[in-house]
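Chains, contacts and geometry: an overview
Spelled out from the first residue to the last, the chains are:
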Amino acid sequence: MADLPGYRLDPADTHPSPDSPDYRSTALRHPRQSLRPLPQSLTEITGPLLGRDRVRPGDHDLTFQHREEPMGQRIVVFGRLIDGDGRPIPDSLIEIWQANAAGRYRHVGDRWAAPLDPNFDGVGRTVTDRQGRYEFVTVKPGAYPWRNHHNAWRPAHIHFSVFGRAFTQRLVTQMYFPDDPLFAQDPIFNSVPESARPRLISRFSLARTRPEWALAFEFDIVLRGRHATPFEDPHDD
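Below you will find a few notes about this structure. Just so it is clear, the structure is predicted and the values come from calculations on it, not from any experiment. (Residues numbered from 1 in each chain as written. Predicted model: local features only at pLDDT ≥ 70, side-chain atom pairs only at ≥ 80, totals over all residues. Heavy atoms only, no water.)

1. Section: the pattern of salt bridges
Pairs may arise between side chains of opposite charge once their charged atoms sit close together. Here is the rule we go by: One speaks of a salt bridge when a side-chain nitrogen belonging to Lys or Arg is within 4 Å of a carboxyl oxygen belonging to Asp or Glu. By definition, any uninterrupted DSSP run of H or I lasting at least four residues is a helix, any uninterrupted run of E lasting at least two residues is a strand, and each is numbered from the N terminus. Exposure classes here rest on a 1.4 Å probe applied to the protein chains alone. A residue is buried below 20% of its type maximum, exposed above 50%, and partly exposed in between.
A complete count under the given rule lists 12 salt bridges for this structure. Measuring nitrogen to oxygen at the nearest pair gives 2.6 Å for the salt bridge that ties Arg-208 to Glu-135. Here the residue Arg-208 occupies a position in the loop between β9 (203–204) and β10 (215–218), and Glu-135 occupies one in strand β4 (residues 133–139), the gap between them amounting to 73 residues. Between Glu-218 and Arg-203 there is a salt bridge, and its shortest N-O distance comes to 3.7 Å. Placement of Glu-218 in strand β10 and of Arg-203 in strand β9 is noted, with a sequence separation of 15 residues between them. The exposure class of Glu-218 is partly exposed, given its relative accessible area of 24%. A relative accessible area of 39% means that Arg-203 is categorised as partly exposed. Each of Asp-83, Asp-85 and Arg-87 takes part in salt bridges that share partners, so that together they form one network.

Next up, the structure:
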């Protein structure tokens, strides 16, 4: 029987520690015992696949899901999904969710005094093409307060869920924007090893900016290897 394909291991200085004291909620949810790697079988390597049948036309455009456009600065977020060897990962489901331009999520648990936008749900999905490319159209999210510490505010960010080549490879990360003044006091961003933090920050792209319509930001996602994108819940395999 042929050997099953494995996953390239990430260096120790890539992902945040599950227990990050400055990020207070990790004390309540991080594992208390050492994780054990599970053997990979054909099921974990090959499926189930989540592809184009999960995506409807327009799901990638968060500004076009209602009769009116949402408030805020319209942006295009684009990039590539690649593996640790730089090879594109095609036909892979990518989902995003985010706060609106005022920094509020459309969620029952978000009750801070910022306005909800009736024309913005804050969720989208798309599938990578043959070169691993993806694109979303949305609005730039606002910063918002949270109760982690005194006068705590989260930098503007977009959550990404990436399914890789199969459901069991699902990983979650956050994309930030360049030169955000809130980086220095955000314990979630700073829980990532310093050398890996730049991989979470998108790059402004004037070439992809659409004149008189939308700014553009590039964010490549790397699964595994020395240049892996830091994820919130990496697997120890």
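2. Examining the nonpolar core
The nonpolar side chains of soluble globular proteins are, as a tendency, buried together. We count it as follows: Only buried Ala, Val, Leu, Ile, Met, Phe, Trp, Tyr and Cys residues count toward a nonpolar core, and they belong to the same one when joined by side-chain atoms within 4.5 Å. It only takes one pair of heavy atoms within 4.5 Å for two residues to be counted as in contact.
Core analysis: the biggest nonpolar cluster contains 22 residues, and Ile-158 and Phe-160 have the highest contact counts within it. Those elements giving two or more residues to this core turn out to be β1 (74–83), β2 (93–98), β4, β7 (157–162), β8 (171–176) and β11 (221–223). Residues contacting Ile-158, with those up to four places away along its chain left out, are Ile-75, Val-77, Ile-96, Trp-97, Gln-98, Thr-138, Pro-141, Thr-173, Gln-174, Met-175 and Phe-177. Grouped together as the second largest cluster of nonpolar side chains are 10 residues, Tyr-23, Trp-146, Tyr-176 and Phe-189 included.

3. Observations concerning unusual backbone geometry
Peptide bonds are, in most cases, trans, and in most cases residues other than glycine have a negative phi. A positive phi angle, near 55°, is found at Asn-151, a position not held by glycine. By the element assignment, Asn-151 lies in the loop between β5 (144–145) and β6 (153–154). The class of Asn-151 is exposed, set by a relative accessible area of 55%.

4. A closer look at the pairing of β10
This is how it is decided: Strand pairing requires that DSSP identify at least two bridges connecting the strands.
Relative to β10, β1 runs parallel, the two sharing 4 bridges. Among the inter-strand pairings, Val-76 is bridged to a residue of β10, identified as Ala-216. Of the strand pairs in this sheet, β9 and β10 are connected by 2 bridges, and their pairing is antiparallel. Across the sheet, residue Arg-203 finds its bridge partner in β10, namely Glu-218.

5. With respect to the side chain of His-157
Basically, it comes down to this: In protein, a polar contact requires one atom able to donate a hydrogen and another able to accept it; more generally it is a pair of N or O atoms within 3.5 Å, and residues adjacent in sequence count only if both atoms are side-chain atoms.
With respect to the helices and strands, the residue His-157 is situated in strand β7. Its relative accessible area of 2% is what places His-157 among the buried residues. A distance of 2.7 Å separates a polar atom in the side chain of His-157 from the backbone oxygen of Pro-155. At a separation of 3.2 Å, a polar atom in the side chain of His-157 contacts the side chain of His-159.

6. Examining the sheet that holds β8
The cut-off we apply is this: Angles here are taken between N-to-C directions and fall from 0 to 180 degrees, while the axes themselves are lines fitted to C-alpha atoms, restricted in helices to the stretch in contact.
The strand order β3-β2-β7-β8 describes an open sheet built from 4 strands, whose pairing is antiparallel. Here the strands that pair on one side only, and so sit at the sheet edges, are β3 (123–127) and β8. In this sheet, adjacent strand axes meet at a mean angle of 25° when their direction is disregarded. Where β7 lies against β8, 6 bridges are found, and the strand directions are antiparallel. Its bridge partner being in β8, His-157 is matched across the sheet by Tyr-176.

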